[in-house]
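Descriptive analysis of the structure
If you want the building blocks of each chain, they are given just below.
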Amino acid sequence: MYTVKEVNRRTGVSVRALHHYDKTGLLKPSGLTSSGYRLYDDTALQRLHSILMFREVGFSLNEIKEFLDAPDFDPDEALGQQIKLLELQMDRIGRMISLAREMRKKGGNFMDFDMFKSGGLDSFKEEVKAKWGGTAAYEEFQAKTAGRTFAEFDESAEKLMGIFADIGALKHTAPDSPEVREKIAELQKFITDNYYNCTNDILRGLGQMYAADERFKANIDSAGGEGTAEFAEKAIMAYCNG
(Lines give C-alpha, C1' and ligand atoms only; values in the text may rest on other atoms or scores of the structure.)
Protein backbone atom coordinates (compact mmCIF):
# COMPACT_ATOMS: atom_id res chain seq x y z
CA MET A 1 0.00 0.00 0.00
CA TYR A 2 1.18 3.52 -0.79
CA THR A 3 0.52 6.79 0.99
CA VAL A 4 -0.53 9.92 -0.89
CA LYS A 5 3.00 11.28 -0.73
CA GLU A 6 4.43 8.02 -2.05
CA VAL A 7 1.96 8.03 -4.95
CA ASN A 8 2.95 11.64 -5.62
CA ARG A 9 6.64 10.75 -5.74
CA ARG A 10 6.05 7.70 -7.91
CA THR A 11 3.61 9.21 -10.43
CA GLY A 12 4.11 12.97 -10.33
CA VAL A 13 0.40 13.49 -9.59
CA SER A 14 0.06 16.21 -6.98
CA VAL A 15 -1.39 15.56 -3.54
CA ARG A 16 -4.05 18.15 -4.29
CA ALA A 17 -5.05 16.32 -7.49
CA LEU A 18 -5.28 12.99 -5.64
CA HIS A 19 -7.55 14.59 -3.05
CA HIS A 20 -9.71 15.99 -5.87
CA TYR A 21 -9.88 12.59 -7.58
CA ASP A 22 -11.06 11.06 -4.30
CA LYS A 23 -13.68 13.77 -3.75
CA THR A 24 -15.15 13.32 -7.24
CA GLY A 25 -15.02 9.53 -7.16
CA LEU A 26 -12.56 9.31 -10.03
CA LEU A 27 -9.94 7.54 -7.89
CA LYS A 28 -10.91 6.40 -4.41
CA PRO A 29 -8.20 5.27 -1.99
CA SER A 30 -7.95 1.55 -1.33
CA GLY A 31 -8.02 2.09 2.41
CA LEU A 32 -7.10 4.38 5.27
CA THR A 33 -4.43 4.31 7.93
CA SER A 34 -5.40 4.26 11.60
CA SER A 35 -4.91 8.02 11.52
CA GLY A 36 -7.28 8.42 8.57
CA TYR A 37 -4.69 8.99 5.83
CA ARG A 38 -5.39 7.66 2.33
CA LEU A 39 -3.69 4.48 1.08
CA TYR A 40 -3.49 3.15 -2.48
CA ASP A 41 -2.80 -0.38 -3.70
CA ASP A 42 -1.57 -1.59 -7.11
CA THR A 43 -5.12 -1.80 -8.47
CA ALA A 44 -5.64 1.87 -7.64
CA LEU A 45 -2.35 2.74 -9.33
CA GLN A 46 -3.46 0.86 -12.45
CA ARG A 47 -6.63 2.97 -12.53
CA LEU A 48 -4.51 6.09 -12.03
CA HIS A 49 -2.37 5.04 -14.97
CA SER A 50 -5.48 4.78 -17.15
CA ILE A 51 -6.60 8.20 -15.94
CA LEU A 52 -3.28 9.75 -16.93
CA MET A 53 -3.31 8.08 -20.33
CA PHE A 54 -6.82 9.35 -21.10
CA ARG A 55 -5.80 12.83 -19.89
CA GLU A 56 -2.78 12.73 -22.18
CA VAL A 57 -4.97 12.20 -25.25
CA GLY A 58 -7.31 15.04 -24.33
CA PHE A 59 -10.31 13.73 -22.39
CA SER A 60 -11.86 15.57 -19.46
CA LEU A 61 -11.97 14.11 -15.95
CA ASN A 62 -15.75 13.66 -16.18
CA GLU A 63 -15.37 11.74 -19.44
CA ILE A 64 -12.61 9.57 -17.98
CA LYS A 65 -14.72 8.67 -14.93
CA GLU A 66 -17.54 7.63 -17.23
CA PHE A 67 -15.17 5.47 -19.30
CA LEU A 68 -13.55 3.73 -16.32
CA ASP A 69 -16.87 3.08 -14.58
CA ALA A 70 -18.48 1.54 -17.68
CA PRO A 71 -19.51 -2.06 -16.86
CA ASP A 72 -17.75 -3.45 -19.94
CA PHE A 73 -14.58 -1.35 -19.67
CA ASP A 74 -11.63 -3.31 -21.07
CA PRO A 75 -8.22 -1.85 -20.11
CA ASP A 76 -6.43 -3.66 -22.94
CA GLU A 77 -8.87 -2.44 -25.60
CA ALA A 78 -8.75 1.07 -24.13
CA LEU A 79 -4.95 1.00 -24.32
CA GLY A 80 -5.17 0.09 -27.99
CA GLN A 81 -7.43 3.09 -28.58
CA GLN A 82 -5.07 5.33 -26.62
CA ILE A 83 -2.19 4.14 -28.81
CA LYS A 84 -4.16 5.04 -31.93
CA LEU A 85 -4.98 8.49 -30.55
CA LEU A 86 -1.31 9.07 -29.69
CA GLU A 87 -0.33 7.98 -33.21
CA LEU A 88 -2.84 10.46 -34.64
CA GLN A 89 -1.37 13.18 -32.44
CA MET A 90 2.18 12.22 -33.44
CA ASP A 91 1.22 12.36 -37.13
CA ARG A 92 -0.43 15.74 -36.60
CA ILE A 93 2.60 17.14 -34.74
CA GLY A 94 4.88 15.89 -37.52
CA ARG A 95 2.79 17.69 -40.11
CA MET A 96 2.75 20.85 -37.98
CA ILE A 97 6.55 20.78 -37.78
CA SER A 98 6.74 20.40 -41.56
CA LEU A 99 4.35 23.32 -41.97
CA ALA A 100 6.41 25.53 -39.64
CA ARG A 101 9.57 24.69 -41.59
CA GLU A 102 7.80 25.45 -44.88
CA MET A 103 6.60 28.79 -43.50
CA ARG A 104 10.14 29.65 -42.41
CA LYS A 105 11.50 28.67 -45.83
CA LYS A 106 8.90 30.57 -47.89
CA GLY A 107 8.51 33.56 -45.62
CA GLY A 108 5.81 35.03 -43.41
CA ASN A 109 3.24 35.42 -46.20
CA PHE A 110 2.94 31.64 -46.68
CA MET A 111 -0.15 30.26 -44.94
CA ASP A 112 -1.82 26.83 -44.85
CA PHE A 113 -4.82 26.51 -42.54
CA ASP A 114 -5.55 22.84 -43.35
CA MET A 115 -3.07 21.76 -40.68
CA PHE A 116 -5.22 23.32 -37.97
CA LYS A 117 -8.21 21.11 -38.74
CA SER A 118 -8.50 18.14 -36.37
CA GLY A 119 -11.38 16.20 -37.90
CA GLY A 120 -9.71 12.80 -37.95
CA LEU A 121 -8.50 13.05 -34.37
CA ASP A 122 -11.82 14.41 -33.09
CA SER A 123 -13.74 11.71 -34.95
CA PHE A 124 -11.70 8.94 -33.35
CA LYS A 125 -12.11 10.54 -29.93
CA GLU A 126 -15.84 10.41 -30.51
CA GLU A 127 -15.49 6.69 -31.19
CA VAL A 128 -13.79 6.22 -27.82
CA LYS A 129 -16.52 8.27 -26.11
CA ALA A 130 -19.19 6.20 -27.83
CA LYS A 131 -17.56 2.98 -26.68
CA TRP A 132 -16.79 3.70 -23.05
CA GLY A 133 -19.59 6.21 -22.63
CA GLY A 134 -21.95 3.26 -22.86
CA THR A 135 -24.00 4.47 -25.84
CA ALA A 136 -25.70 2.00 -28.17
CA ALA A 137 -24.34 3.97 -31.12
CA TYR A 138 -20.83 2.54 -30.78
CA GLU A 139 -21.26 -0.65 -32.84
CA GLU A 140 -22.96 1.24 -35.65
CA PHE A 141 -20.27 3.93 -35.55
CA GLN A 142 -17.57 1.26 -35.69
CA ALA A 143 -19.22 -0.46 -38.65
CA LYS A 144 -19.69 2.75 -40.62
CA THR A 145 -16.17 4.04 -40.01
CA ALA A 146 -14.28 0.74 -40.35
CA GLY A 147 -11.46 1.10 -42.83
CA ARG A 148 -11.70 4.88 -43.17
CA THR A 149 -8.41 6.65 -43.67
CA PHE A 150 -7.44 9.78 -41.74
CA ALA A 151 -8.05 11.77 -44.94
CA GLU A 152 -11.58 10.36 -45.19
CA PHE A 153 -12.24 11.26 -41.55
CA ASP A 154 -11.06 14.79 -42.31
CA GLU A 155 -13.21 15.01 -45.45
CA SER A 156 -16.28 13.94 -43.48
CA ALA A 157 -15.48 16.45 -40.73
CA GLU A 158 -15.05 19.22 -43.32
CA LYS A 159 -18.51 18.49 -44.73
CA LEU A 160 -19.96 18.56 -41.23
CA MET A 161 -18.33 21.94 -40.60
CA GLY A 162 -19.87 23.11 -43.87
CA ILE A 163 -23.31 22.41 -42.46
CA PHE A 164 -22.45 24.40 -39.34
CA ALA A 165 -21.24 27.24 -41.57
CA ASP A 166 -24.68 27.26 -43.21
CA ILE A 167 -26.35 27.23 -39.78
CA GLY A 168 -24.15 30.12 -38.69
CA ALA A 169 -25.23 32.12 -41.71
CA LEU A 170 -28.82 31.89 -40.40
CA LYS A 171 -28.09 33.20 -36.89
CA HIS A 172 -30.09 36.34 -37.67
CA THR A 173 -33.28 34.26 -38.06
CA ALA A 174 -35.39 32.53 -35.43
CA PRO A 175 -34.10 29.10 -34.27
CA ASP A 176 -37.40 27.52 -35.34
CA SER A 177 -37.60 29.21 -38.75
CA PRO A 178 -38.20 26.91 -41.76
CA GLU A 179 -34.72 27.63 -43.16
CA VAL A 180 -33.02 26.69 -39.89
CA ARG A 181 -35.17 23.59 -39.41
CA GLU A 182 -34.12 22.45 -42.87
CA LYS A 183 -30.45 22.77 -41.93
CA ILE A 184 -30.93 20.91 -38.64
CA ALA A 185 -32.66 18.11 -40.56
CA GLU A 186 -29.64 18.05 -42.89
CA LEU A 187 -27.31 17.86 -39.88
CA GLN A 188 -29.26 14.96 -38.39
CA LYS A 189 -29.25 13.08 -41.70
CA PHE A 190 -25.52 13.65 -42.18
CA ILE A 191 -24.71 12.20 -38.75
CA THR A 192 -26.98 9.21 -39.41
CA ASP A 193 -25.48 8.57 -42.84
CA ASN A 194 -21.85 8.92 -41.76
CA TYR A 195 -21.65 7.91 -38.09
CA TYR A 196 -24.67 6.41 -36.32
CA ASN A 197 -28.47 6.63 -36.18
CA CYS A 198 -29.02 10.16 -34.88
CA THR A 199 -32.37 10.01 -33.10
CA ASN A 200 -33.95 13.16 -31.72
CA ASP A 201 -32.74 12.23 -28.23
CA ILE A 202 -29.18 11.81 -29.46
CA LEU A 203 -29.43 15.06 -31.43
CA ARG A 204 -30.57 16.91 -28.29
CA GLY A 205 -27.55 15.57 -26.42
CA LEU A 206 -25.25 16.63 -29.24
CA GLY A 207 -26.76 20.11 -29.23
CA GLN A 208 -26.02 20.49 -25.55
CA MET A 209 -22.48 19.24 -26.08
CA TYR A 210 -21.89 21.64 -28.98
CA ALA A 211 -22.60 24.61 -26.71
CA ALA A 212 -21.05 23.29 -23.47
CA ASP A 213 -17.84 21.60 -24.64
CA GLU A 214 -15.22 24.28 -25.32
CA ARG A 215 -13.49 22.25 -28.03
CA PHE A 216 -16.66 21.63 -30.02
CA LYS A 217 -17.83 25.18 -29.45
CA ALA A 218 -14.56 26.61 -30.78
CA ASN A 219 -14.62 24.40 -33.89
CA ILE A 220 -18.26 25.16 -34.67
CA ASP A 221 -17.85 28.89 -34.07
CA SER A 222 -14.80 28.91 -36.33
CA ALA A 223 -16.96 27.43 -39.09
CA GLY A 224 -20.06 29.60 -38.71
CA GLY A 225 -18.90 32.60 -36.73
CA GLU A 226 -19.09 33.44 -33.05
CA GLY A 227 -22.31 32.26 -31.44
CA THR A 228 -22.97 29.48 -33.97
CA ALA A 229 -22.66 26.66 -31.42
CA GLU A 230 -25.14 28.25 -29.03
CA PHE A 231 -27.51 29.07 -31.88
CA ALA A 232 -27.22 25.48 -33.13
CA GLU A 233 -28.20 24.20 -29.68
CA LYS A 234 -31.32 26.41 -29.64
CA ALA A 235 -32.19 25.37 -33.19
CA ILE A 236 -31.74 21.68 -32.37
CA MET A 237 -34.00 21.98 -29.32
CA ALA A 238 -36.66 23.76 -31.37
CA TYR A 239 -36.39 21.10 -34.08
CA CYS A 240 -36.56 18.13 -31.71
CA ASN A 241 -39.44 19.61 -29.72
CA GLY A 242 -41.54 19.93 -32.84
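Above this text you will find the structure in question.
Report on the accompanying structure.

1. Some remarks on the side chain of Thr228
- Relative to the helices and strands, Thr228 resides in helix 12 (residues 228-240).
- From its side chain, Thr228 meets the backbone oxygen of Gly225 in a polar contact 2.6 Å long.
- Excluding residues within four positions of it along the chain, Thr228 makes contact with Phe164, Gly168, Lys171, Ile220 and Asp221.

2. Considering the pattern of salt bridges
- Applying the stated criterion across every chain, the model contains 9 salt bridges.
- A salt bridge links Asp22 to Lys28; the shortest N-O distance between them is 2.7 Å.
- Overall, the relative accessible area of 11% leaves Asp22 in the buried class.
- Taking relative accessible area as the criterion, Lys28 reaches 48% and is therefore assigned partly exposed.
- The closest approach of N and O atoms between Asp193 and Lys189, which form a salt bridge, is 2.6 Å. In this pair, Asp193 and Lys189 both sit in helix 9 (residues 178-194), 4 residues apart, roughly one turn of the helix.
- Owing to a relative accessible area of 53%, Lys189 belongs among the exposed residues under this scheme.
- Bridged by salt links that share partners, the residues Asp22, Lys28 and Arg38 form one connected network.

3. Description of the packing of helix 9 against helix 12
- Across the interface, helix 9 lies against helix 12 with an axial gap of 10 Å and an inter-helix angle of 90 degrees. In terms of axis orientation, helix 9 runs roughly perpendicular to helix 12. In contact with Val180, Arg181, Ile184, Ala185, Leu187 and Gln188 of helix 9, helix 12 contributes Phe231, Ala232, Ala235, Ile236, Ala238 and Tyr239.

4. Things to note about the packing of aromatic side chains
- The tally for this structure, following the rule as stated, stands at 3 aromatic pairs.
- Judged by centre distance (5.2 Å) and plane angle (55 degrees), the ring pair of Phe54 and Phe67 falls under tilted. Here Phe54, found in helix 3 (residues 42-56), pairs with Phe67, found in helix 4 (residues 61-68); they are 13 residues apart in sequence, far enough to count as distant.
- According to the relative accessible area criterion, Phe67 is buried, its value standing at 1%.
- Centroid distance Phe190 to Tyr195: 6.3 Å. Interplanar angle 65 degrees. Geometry classified as edge-to-face. The same class applies to Phe190 and to Tyr195, which are both buried.

5. Regarding helix 3
- Helix length check: helix 3, at 15 residues, gives a terminal C-alpha distance of 21 Å against a target of 21 Å (1.5 Å per residue), a fit within 8%.
- Among the residues making up helix 3, those that are buried are Ala44, Leu45, Leu48, Ser50, Ile51, Met53 and Phe54.
- Its side-chain oxygen at 3.2 Å from the backbone nitrogen of Thr43, Asp41 defines the N-terminal cap of helix 3.
- Gly58 sits one or two residues past helix 3 and shows a positive phi near 100 degrees.

6. Digging into the sheet that holds strand 1 (residues 2-3)
- The sheet built from 3 strands is open, its strands ordered 1-3-2 with antiparallel pairing. The two strands at the open ends of the sheet, each matched to only one other strand, are strand 1 and strand 2 (31-32).
- Where strand 1 and strand 3 (residues 38-40) come together, 2 bridges link them in antiparallel fashion. If you follow Thr3 over to strand 3, its bridge partner there is Leu39.

The rules behind the values
Residues numbered from 1 in each chain as written. Predicted model: local features only at pLDDT ≥ 70, side-chain atom pairs only at ≥ 80, totals over all residues. Heavy atoms only, no water. Helix = DSSP H or I, 4+ residues; strand = E, 2+ residues; numbered from the N terminus. Polar contact = N/O pair within 3.5 Å; in protein donor to acceptor, adjacent residues only side chain to side chain. Contact = heavy atoms within 4.5 Å. Salt bridge = Lys/Arg side-chain N within 4 Å of Asp/Glu carboxyl O. Buried < 20%, exposed > 50% of the residue type's maximum accessible area, 1.4 Å probe, protein only. Axes fitted to C-alpha atoms, helices over the stretch in contact; angles between N-to-C directions. Parallel < 35°, antiparallel > 145°, perpendicular 65-115°, else oblique. Phe/Tyr/Trp six-rings, centres within 6.5 Å; stacked < 30°, edge-to-face > 60°. Expected span 1.5 Å × (residues − 1). Pairing = 2+ DSSP bridges.

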